[in-house]
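# Chain and residue survey
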Amino acid sequence: MAGARRTALVTGAGRGLGAAVAAGLHALGHRVIVAARTEDDAHRVAGALGDGAVGVGLDVTASGAADSVRDRLGPVDILVNNAGLLLDAGMLPSTVPLELVERQLATNTLGAWRVCQAFVPAMLDRKWGRIVMVSSGTGMFSNGIFPGTPGYSVSKAALNALTVALAEETRERGVLVNAVNPGLVRTRMRPDAATSPDDAARHVVWAAVLPDGGPTGRIFRARRPVDW
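Read on for a plain summary of the structure. Note that the coordinates shown come from a computational prediction; the quantities given were computed from them, not determined experimentally. (Residues numbered from 1 in each chain as written. Predicted model: local features only at pLDDT ≥ 70, side-chain atom pairs only at ≥ 80, totals over all residues. Heavy atoms only, no water.)

### Things to note about the pattern of salt bridges
Put simply, the rule reads: A pairing counts as a salt bridge when a side-chain nitrogen of Lys or Arg comes within 4 Å of a carboxyl oxygen of Asp or Glu. Helix numbers and strand numbers start at the N terminus; a helix is a DSSP run of H or I with at least 4 residues, a strand a run of E with at least 2. Type-normalised accessible area, obtained with a 1.4 Å probe on protein chains alone, sets the label of each residue: buried when under 20%, exposed when over 50%, and partly exposed for intermediate values.
Across all of its chains, the model carries nine salt bridges by this definition. Linking Arg126 and Asp77 is a salt bridge whose minimum nitrogen-to-oxygen distance equals 3.1 Å. With Arg126 in helix α4 (residues 98-126) and Asp77 in the loop between α3 (65-73) and β4 (78-81), this residue pair connects regions lying 49 residues apart in the sequence. Taking the relative accessible area as the measure of exposure, Asp77 reaches 12% and is therefore buried. Here Glu168 ties to Arg171 by a salt bridge, and the two come within 2.6 Å at their closest N and O atoms. Connected via shared salt-bridge partners are Arg15, Asp41 and Arg44.

Here you go:
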């Protein structure tokens, strides 16, 4: 089953890293659901990929939105939670507006959680699934929680905790749940970064197609496990 054609859903795939991950999975022969906040962005990316790709609007912060996608397009085998916001660069924990923190938690943590709840039960029923959380070094205790993006850092630390918890729930049940720290990627969020979306996407795709019996509950940097 590990080499079979799968259905993959990538959130935040309207541009940047998400679009590159969708392209990488599509190149491997998988059916790819390109999910973006606007349907126009999703359809544009899916249209460029061609046959085997479909675009869908998905606001991961909206209650029921992921369930609606599942009901329309069916279950998925691979889920890449890439949708994310960075709104508080240069701010500090003691003064950051909590409204900005709430918005980042809503997308970066609860958005991924919401999409997982929509799609993981069917993975467990079929005894096969791969889930990848796109995380960040800013939210890793081993790296040092970065105070210069306080809400973003906390949201990614919480996403890491969700990764571990979900991996424990699904352990030995055919579903692998891991996180990837892609480093600084040249996207709209970080236009000054050195790493291209295509280069970073290779590592996310690798984690999305791990073989049966592969690692779970880990975070990877350039395909190497690192401490949380």
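### Quick notes on empty space enclosed by the protein
We count it as follows: Points on a 1 Å grid over protein atoms alone make up a cavity when a 1.4 Å probe fits among them but cannot get out, and a pocket when they form an open set with protein on both sides within 12 Å along at least five of seven lines; lining residues each have an atom within 4 Å of a point. Grid points are joined across faces, edges and corners, and a volume is the space filled by probe spheres set on the points. The classification used treats Ala, Val, Leu, Ile, Met, Phe, Trp, Tyr, Cys and Pro as nonpolar, Asp, Glu, Lys and Arg as charged, and all other residues, Gly among them, as polar.
This structure, assessed with the given rule, holds two cavities of 30 Å³ or more. Quantified by volume, the second largest cavity comes out at close to 30 Å³. As for the second largest cavity, its lining consists of Thr11, Val60, Asn81, Asn82, Ala83, Thr107, Gly111, Ala112 and Val115. Ranked by residue count, the leading element in the lining of the second largest cavity is α4, at four residues. Tallied by class, residues from the lining of the second largest cavity come to four nonpolar, five polar and no charged.

### A short note on the nonpolar core
Heads up, the condition is: In this description, a nonpolar core means a group of buried Ala, Val, Leu, Ile, Met, Phe, Trp, Tyr and Cys residues linked to one another through side-chain atoms lying within 4.5 Å. Contacts are assigned to residue pairs with any non-hydrogen atoms lying within 4.5 Å of each other.
Core analysis: the largest hydrophobic core is formed by 31 residues, its most contacted members being Leu9, Leu58, Val115, Ile131 and Met133. Elements supplying a minimum of two residues to this core: β2 (31-36), α3, α4, β5 (129-134), α5 (150-170) and β6 (175-180). Ranked by residue count, the leading element in this core is α4, at eight residues. Once residues lying within four places of it in the same chain are set aside, the contact partners of Val115 are Leu9, Thr11, Leu58, Val60, Ala66, Leu79 and Asn81. In terms of nonpolar packing, the next biggest core, distinct from the first, is built from 27 residues, Ala20, Ala46, Trp128 and Ala200 among them.

### A few points about the side chain of His30
The test is simple: Polar contact is the term for a pair of N or O atoms within 3.5 Å; when the atoms are in protein, one must be able to donate a hydrogen and the other to accept it, and sequence-neighboring residues count only if both atoms are side-chain atoms.
Summarising the element assignment, His30 is placed in the loop between α1 (16-27) and β2. By relative accessible area, His30 is classed as buried at 8%. Within the structure, the side chain of His30 is placed 3.0 Å from the backbone nitrogen of Arg6, a separation counted as a polar contact. Each residue touching His30, except ones within four places of it in the same chain, is listed here: Ala4, Arg5, Arg6, Leu25, Gly52 and Val209.

### Considerations on helix α2 (residues 39-49)
Here is the rule we go by: The arc under discussion is defined with respect to the helix axis, by the directions toward the C-beta atoms.
Buried within α2 are the following residues: Asp41, Ala42, Val45, Ala46 and Leu49. Angularly, the buried residues of α2 cover 125° about the axis, an arc narrow enough to put them on a single face. Pointing more than 90 degrees away from the buried face of α2 are the exposed residues Asp40, Gly47 and Ala48. Where the residues of α2 are buried, they touch α1, β2 and β3 (53-57).

### Let's talk about the sheet that holds β5
The following threshold applies: By this definition, two strands are paired if DSSP reports at least two bridges between them. All axes are obtained by fitting lines to C-alpha atoms, using only the stretch in contact for helices, and the reported angles, taken between N-to-C directions, cover 0 to 180 degrees.
Read across the open sheet, the eight strands follow the order β3-β2-β1-β4-β5-β6-β7-β8; overall the sheet is mixed. Only two strands of the sheet have a single partner each, and these edge strands are β3 and β8 (224-226). When strand polarity is set aside, the average angle formed by the axes of neighbouring strands in this sheet is 25°. As paired elements, β5 and β6 share six bridges and run parallel to each other.

### Side note on the environment of Leu98
Along the chain, Leu98 turns up in helix α4. Residue class for Leu98 comes out exposed when judged on its relative accessible area of 59%.

### A look at the packing of aromatic side chains
Heads up, the condition is: The pairing test for Phe, Tyr and Trp rings, Trp by its six-membered ring, is centres within 6.5 Å, and the orientation test on the planes gives stacked under 30 degrees, edge-to-face over 60, and tilted for anything in between. Charge over a ring is defined by NZ of Lys or CZ of Arg lying within 6 Å of the ring centre and within 35 degrees of the ring normal.
As enumerated under the stated definition, the model contains one aromatic pair in all. A centroid spacing of 5.0 Å and a plane angle of 80° characterise the contact between Trp206 and Phe220, whose relative ring orientation is edge-to-face. Residue Trp206 is found in helix α6 (residues 197-208), and its partner Phe220 is found in strand β7 (residues 219-221); the two are separated by 14 residues along the sequence. Take Trp206: its relative accessible area is 24%, and that puts it in the partly exposed class. The ring centre of Trp128 lies 3.6 Å from the NZ or CZ of Arg6, which sits over that ring. Looking at Arg130, its charged tip hangs above the ring of Trp128, at a distance of 4.0 Å from the centre.

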